[in-house]
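# Overview (structure and organization)
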Amino acid sequence: MASTPQPATPVADFEKSLDELEQLVQKMEKGDLSLDESLAAYERGVALYRQCRGALEQAELRVKLLGDPADPDSAQPFEPDAF
């Protein structure tokens, strides 16, 4: 029986997006890109930044929902939002 691929976790997506964003910044800092390439890289960077921010917000919410360790019954299930 073939297994279906599992969707990437928000943490994995965050790490992948952050790596790509860092690479884009390095390319732009070199100054070797044309204006069109720079604009496209900037647009992609903004999208990656938003993805990273959303993943961090979801992580923060998840931590808050886990509740007080002294009262584990107060924990609530967490369902991540789709990007």
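Above: the structure in question.
The structure contained in this document is the topic of the report that follows. (Residues numbered from 1 in each chain as written. Predicted model: local features only at pLDDT ≥ 70, side-chain atom pairs only at ≥ 80, totals over all residues. Heavy atoms only, no water.)

## Focus on the environment of glutamate 15
- In this fold, glutamate 15 is placed in helix 1 (residues 10–30).
- On a C-alpha basis, the gap between glutamate 15 and cysteine 52 in space is 8.2 Å, while along the polypeptide they are 37 residues apart. (Helix = DSSP H or I, 4+ residues; strand = E, 2+ residues; numbered from the N terminus.)

## Quick word on the pattern of salt bridges
- Summed over the entire model, instances satisfying the criterion amount to 2 salt bridges.
- The salt bridge involving glutamate 20 is made with arginine 44; its shortest N-O contact spans 2.9 Å. Taken as a pair, glutamate 20 in helix 1 and arginine 44 in helix 2 (residues 35–66) lie far apart in primary sequence, 24 residues in all.
- Accessibility expressed as a relative area gives 34% for arginine 44, which makes it partly exposed.
- With its nearest N and O atoms 3.5 Å apart, the salt bridge here joins arginine 53 to glutamate 57. Of this pair, arginine 53 and glutamate 57 are both found in helix 2, 4 residues apart, which corresponds to roughly one turn of the helix.
- By relative accessible area, which is 47% here, arginine 53 ends up partly exposed.
- Look at glutamate 57 and you get partly exposed, because its relative accessible area is 43%. (Salt bridge = Lys/Arg side-chain N within 4 Å of Asp/Glu carboxyl O. Buried < 20%, exposed > 50% of the residue type's maximum accessible area, 1.4 Å probe, protein only.)

Everything listed here is a matter of coordinates, which is why it stays silent on function.
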